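Residue-level structure breakdown
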Amino acid sequence: MHQRLSTARLYALCIFLVLGAAVAWTVQADEPSRDAPAPTQVRDLDYGDVLFHFFQDDYFESIVRLEANRDFDRLQHHAVEAELLAGGLYLSLGLHTEAERIFDRLLAGPVAPAVRDRARFYLARIGYQRGYYEAALRNLGLVEQPLPGKLEPERRLLEANVLMGLGRFGEAAKRLESWSETGGWSNYARFNLGVALVRAGDTARGRQFLEQVGTLQAANEEQASLRDRANLAIGFALLQQQGSEDPAAVLSRVRLDGPFSNKALLALGWAEANANRPDRALVPWLELQQRRLLDASVQESLVAVPYAYVKLASNGQASEHYRSAVDAYARESRRIDESIAAIRQGGFLDSILATVPQGDRPGWFWQLEQLPDAPHTRYLYHLLASHEFQEGLKNYRDLRLMQANLSRWTDSLEAFGAMIEAREIAATQREPRRQEMLSGTDLAALAQRQQELADRFAQVEAKREVAALASPQERAQWEALARIDAALAAMPAGPQRDEFAERARLLRGALSWELDRAYKVRATQTGRDLRQTRAALAEAGTRLAAIGEAGDLVPRNTQGFAGRVDELSERVARIAPLIDATALAQERALADLAVTELQAQQKRLRSYSTQAQFALASLYDGATAGGGR
Amino acid sequence: MKPKSHPMLFAARLFTAFALLAVPLAAVPSEGDTANLKTVDQDVQALKKQLIELNRDLFKLEEELLYPASTQVAVFLSVDVGTFFALDSVTLKVDDKEVANYLYTDREVQALHRGGVQKLYLGNLKAGSHEIVAFFTGKGPHERDYRRGTTLKVDKTVGAKYVELRISDREASLQPEFVVRQWE
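Rules of the game
Residues numbered from 1 in each chain as written. Chains lettered and ligands numbered in written order. Predicted model: local features only at pLDDT ≥ 70, side-chain atom pairs only at ≥ 80, totals over all residues. Heavy atoms only, no water. Contact = heavy atoms within 4.5 Å. Buried area = accessible area lost by both parts, 1.4 Å probe. Salt bridge = Lys/Arg side-chain N within 4 Å of Asp/Glu carboxyl O. Polar contact = N/O pair within 3.5 Å; in protein donor to acceptor, adjacent residues only side chain to side chain. Helix = DSSP H or I, 4+ residues; strand = E, 2+ residues; numbered from the N terminus. Buried < 20%, exposed > 50% of the residue type's maximum accessible area, 1.4 Å probe, protein only. Lys, Arg positive; Asp, Glu negative; His and termini not counted. Pairing = 2+ DSSP bridges. Axes fitted to C-alpha atoms, helices over the stretch in contact; angles between N-to-C directions. Expected span 1.5 Å × (residues − 1). Arc of directions from axis to C-beta. Core = buried A, V, L, I, M, F, W, Y, C linked by side-chain atoms within 4.5 Å.

Some points on the interface of chain B and chain A
The partner chain A presents 91 residues to the 62 residues of chain B that form the contact. Of the roughly 7,700 Å² buried where chain B meets chain A, counting both sides, 68% is carbon and sulfur surface. Put simply, chain B and chain A have 9 salt bridges between them. One can count 19 residue pairs in polar contact (both at pLDDT 80 or more) joining chain B with chain A. When contributions to the side of chain B that touches chain A are tallied by element, the ones reaching two or more residues are α1 (7-27), α2 (31-66), β1 (72-79), α3 (106-113), β4 (118-124) and β7 (161-170) of chain B. It is α2 of chain B that provides the largest number of residues to the side of chain B that touches chain A, a total of 28 residues.

Concerning the side chain of Lys156 of chain B
Residues and elements named next belong to chain B. Inspection of the secondary structure assignment puts Lys156 in strand β6 (residues 145-156). No salt bridge forms around the buried Lys156; measuring N to O, its nearest opposite-charge neighbour Asp155 is 9.4 Å away. Within the structure, the side chain of Lys156 is placed 2.9 Å from the backbone oxygen of Ser70, a separation counted as a polar contact. Beyond its immediate sequence surroundings of up to four residues, Lys156 is in contact with Ala69, Ser70, Thr71, Gln72, Leu125, Lys126, Ala127, Gly128, His130 and Lys161.

Notes on the pairing of strand β2 (residues 86-94) of chain B
Residue and element names in this part refer to chain B. Note: β2 against strand β5 (residues 128-139), 8 bridges, orientation antiparallel. Directly across from Ser89, in β5, lies its bridge partner Thr137. If you look at the hairpin formed by β2 and strand β3 (residues 97-103), you'll find 2 residues sitting between the two strands, and Asp95 has a positive phi there, around 50°.

Details of the sheet that holds β3 of chain B
All names here are of chain B. Taken in spatial order, the 4 strands line up as β3-β2-β5-β6 in an open sheet, and their pairing is antiparallel. Both edges of this open sheet fall to β3 and β6, since each of them pairs with a single strand only. For this sheet the average axis-to-axis angle between neighbouring strands, irrespective of direction, equals 15°.

Regarding the pattern of salt bridges
Inspection of the entire model under this criterion finds 50 salt bridges over all chains. Lys60 of chain B is the partner of Asp71 of chain A in a salt bridge, and the nearest nitrogen-oxygen pair spans 2.8 Å. Of this pair, Asp71 of chain A sits in helix α4 (residues 59-71) while Lys60 of chain B sits in helix α2, on two different chains. Residue classification places Asp71 of chain A among the partly exposed positions, given a relative accessible area of 40%. Lys60 of chain B sits in the buried class, given a relative accessible area of 17%. In this structure, Glu152 of chain A engages Arg155 of chain A in a salt bridge whose closest nitrogen and oxygen atoms are separated by 2.8 Å. Of this pair, Glu152 of chain A and Arg155 of chain A both sit in helix α9 (residues 151-165), 3 residues apart, roughly one helical turn. Of the residues examined, Arg155 of chain A reaches a relative accessible area of 14% and is grouped as buried. Taken together, the salt bridges that share partners define one network made up of Asp71, Glu567 and Arg571 of chain A together with Arg56, Asp57 and Lys60 of chain B.

A few points about helix α22 (residues 443-463) of chain A
Residue and element names in this part refer to chain A. Across its 21 residues, α22 extends 30 Å between first and last C-alpha, which sits within 8% of the 30 Å expected from 1.5 Å per residue. Here α22 has its buried residues at Gln450, Ala454, Phe457 and Val460. The buried residues of α22 occupy one face: seen down the axis, they fall within an arc of 120°. Across α22 from its buried face, at more than 90 degrees, point the exposed residues Ala444, Gln448, Ala462 and Lys463.

Overview of the nonpolar core
Formed by 185 residues in total, the largest nonpolar core has its most connected members in Trp285 of chain A together with Phe136 of chain B. Residues in contact with Trp285 of chain A, not counting those within four places in the same chain, are Leu265, Leu266, Gly269, Trp270, Ala273, Ser301, Ala304, Val305, Tyr307 and Ala308 of chain A. Of all hydrophobic cores here, the second largest spans 11 residues; its members include Val460, Leu481, Leu511 and Ala523 of chain A.

What follows is the structure, encoded as C-alpha cells:
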C-alpha cells in the first residue's frame with residue numbers, strides 16, 4: 001500500500017509537527033546563505049574571495065579570510081558589508097554573542113539606513129532564537145524599509161512568530177491576513193499560526209489558517225510536506241474534539257508515502273474507530289504495524305489493532321496481537337537498553353559523523369537517515385528531532401572539523417619553522433661576501449670622480465676644446481707635432497726649416513680638421529657616457545643600500561617570523577587539548593540527552609505493554625466468565 | 001460472542017491521545033540536560049572564537065612568510081552574468097609554466113555566478129616583465145565544447161600584483177568574453 005519509509009525520519013518530523021511554529025522557523029533559518037546579499041560589484045577582490053567561500057556555505061573558511069583580509073586592510077571598499085557579513089557568519093557558526101556584539105556595534109555607528117535595518121533584523125532573529133521575544137519585537141519595529149530579497153518575507157514570518165511567542169495571536173493573524181505573498185514563507189507563517197491558535201483553544205480560527213495550507217497546490221517536496229503537516233494538525237484537532245466532523249476526510253489528504261504517513265495512518269484508524277468502523281480502522285493500523293517499531297505511531301498500532309479486533313468481536317485474534325505486542329515491546333525495550341549502554345560507552349558521535357558526506361551544508365542532519373542499525377546509532381536520527389540535540393551535534397562536528405584543520409596547521413607550522421631556519425643559515429653564509437662588498441666599494445670616491453669628469457666636459461663644451469676629446473692616437477700625434485714645433489724653433493732659419501715648418505703646419509691643419517670633424521659625435525658620445533655613468537652610480541648606490549639593508553632586515557625578519565611561529569605553535573598546543581575536552585563534554589551532554597530520551601521511550605513502551613497486558617487479562621476474564629455461563 | 005466493554009480499552013484510547021501529544025514532550029530535554037547543554041554551548045562558542053582568531057593569525061603568517069608583498073602575485077577569477085559559457089576548468093600559466101589547473105564543481109560555479117571571486121593562484125614573481133596565460137574550458141553557446149585562451153603581459157614592481165580573469169557576456173555576438181586585467 002505504501003512505500004516503506006524511514007520511520008526514524010517520520011518520528012523526527014512528527015515532533016516538528018506538534019512543536020509547530022518554532023520548528024518550522026528553524027527549518028528555514030538554518031540556511032544562512034539564503035540571507036546572502038545580492039551580488040554587487042566587487043571592488044576589493046579579496047572581498048569577492050570571502051563571498052566565494054560564503055556562497056558555498058563554507059562559513060568557517062569565509063570568516064577566517066574575512067578577518068585576515070580586514071587585518072591586511074584589503075576590504076576598504078566593503079567595510080560595512082564585511083561587518084554585516086561577519087555578523088551573519090558568526091551567527092551561522094553558532095557564535096550568537098559575537099554576532100550580537102557586531103550588530104550592536106554596527107548600529108552604534110553612522111551606517112546607511114539599509115544596513116541599519118538588516119542589523120536590526122539579525123538582532124531580532126537572535127532574540128527570537130534565544131526566546132527574548134520583546135527585544136526581538138522591538139528590533140523588528142525599528143526596521144524602517146522593506147528588506148532586500150528573501151529577507152523581507154523572512155522578516156514578516158519572524159514578526160508573526162515573535163507575536164505568537166508572546167501569545168499575541170490576534171496581531172499575528174492580522175499581519176498574516178494582509179500578507180499576499182504566495183511563496184513558501186507565508187505558508188510557514190500560516191501553518192505556525194494555525195497550530196498556535198488551535199493549541200490556544202481557538203480551533204475555528206486555527207482551522208481557517210491550517211486549511212489554507214492544507215489545500216495548497218504544492219510545487220515541491222517542502223510544500224507538500226507542509227501541506228501534510230497542516231492536514232495532520234487539522235485531523236488531530238478534530239479527533240480530539242470528537243465533534244460531528246469526520247477527521248478521516250482531512251487525514252486522507254495526507255500523502256501515504258510522505259514523512260507524516262505514520263501519524264496520519266494512526267490518526268485515521270482512530271477516526272474510523274471513533275465512528276464505530278473498527279473494520280476500516282484496521283486497514284491503516286495493520287499497515288502501520290508492518291513498519292519499524294522505532295516510531296511511536298507504530299508502537300501504538302500494536303495495541304490499536306487488537307482493540308479493533310475486540311470491537312469486531314474477534315477476541316482470538318485480539319489476544320494473539322496483544323501477546324505479540326507485549327513481546328515486541330519487550331524486545332524493543334531490550335534494544336533500547338543496548339543502545340543506552342553503547343551510548344554511555346562514548347564515541348558514538350564519531351562513528352555517526354564518519355558516515356556523513358563531506359561539506360557543511362544545511363540539512364546535513366537528514367542524510368543521517370541511512371545510519372547503520374547498530375546499538376549506538378539506531379536511535380540517533382530519531383533523537384535529531386530535538387533542536388538541542390541538533391545544535392549539540394553541529395557543535396561537536398564543528399569542533400572535530402576545526403581540530404582536523406588545526407592538525408594541518410601544526411604540520412605547516414613545522415615547515416615554516418624549518419623554512420625560517422634555512423633562511424637564517426643562508427643569510428649567515430652570505431654575510432662575509434656582503435661585508436666584503438660593502439667595505440670594498442667606495443661609492444663616494446667614484447661619485448666625486450664622475451662629477452670632476454662632468455665638470456671638465458662642461459668646460460670642453462663651453463670652449464669647444466676639440467683636442468680634449470681626441471683619441472689616444474690623435475693625442476700622440478698632437479703631442480708629436482708640439483715636439484716638432486719645439487725642434488723647428490731650435491733650427492737655424494733657412495729653406496730646410498721653412499720646408500719642415502710648412503709640412504708640420506699641413507699636418508697640424510689636417511689633424512685639427514679631423515678633430516673638429518669628429519668633435520660633435522665625440523661630444524654627444526661623451527655626454528651620453530657621462531649620463532650612463534651617473535645612472536650606473538645611482539643604481540650601484542641603490543643596490544649597495546639594499547645589500548646593507550638586507551643584512552639588517554633578514555635577521556630581524558626571520559626572527560620576527562620565528563617569534564610568530566613559536567607564539568602560534570604555543571597557541572595551537574594550548575588549544576588542541578581544549579578542543580578534545582570540550583568535544584568530550586559536548587558528547588557527554590548529548591549522551592545524557594540521548595539517554596533521557598531513550599528512557600522516556602522505554603517508559604512509553606512499558607505503559608503500552610501494561611495496557612496490552614491488562615487488555616489481555618480482561619479478554620481472558622471475559623472468556624472465562626463467558627465459558628462459565 | 002460479543003465481549004463486554006472493558007474500562008481498560010477505553011483507557012487505551014485515552015492513552016492514544018496522550019501519546020500523540022506526549023511524543024514531542026519526550027524529546028524535550030530535562031532542565032538539568034538543558035542547563036548542561038547551555039554551559040557546553042557557551043564553552044564551544046568561546047572555543048570557536050579562539051579557533052577563528054588562531055586560524056586568522058595562521059592564515060596571515062602563511063601569506064606574509066610565503067608570499068611577501070614584494071614578490072606576491074595573485075590571480076583571481078570572476079564571472080559576470082556568464083550566460084554564454086558554462087565553466088568547467090581553468091589552466092593558468094605564468095611565463096609558460098603551468099601554475100594552476102582547476103576543475104570546478106557545480107557549487108563553485110554557482111558561487112561565482114552569485115558574485116563570489118575565486119583566488120585561483122597565489123605565488124611569487126621577480127620584478128620585471130612576465131606573461132600570464134589562462135585557458136578556459138567549458139560549454140559555449142549551443143552546448144558546444146569551448147576552449148579559449150587569454151594573455152596578459154604584466155610588469156611586476158615592488159608591490160603585490162593582483163590580476164583578475166573575468167568571464168562575461170558579449171551581447172552583440174552572443175559569445176562569451178574573457179577579459180584579463182590588472183588591479184592596482
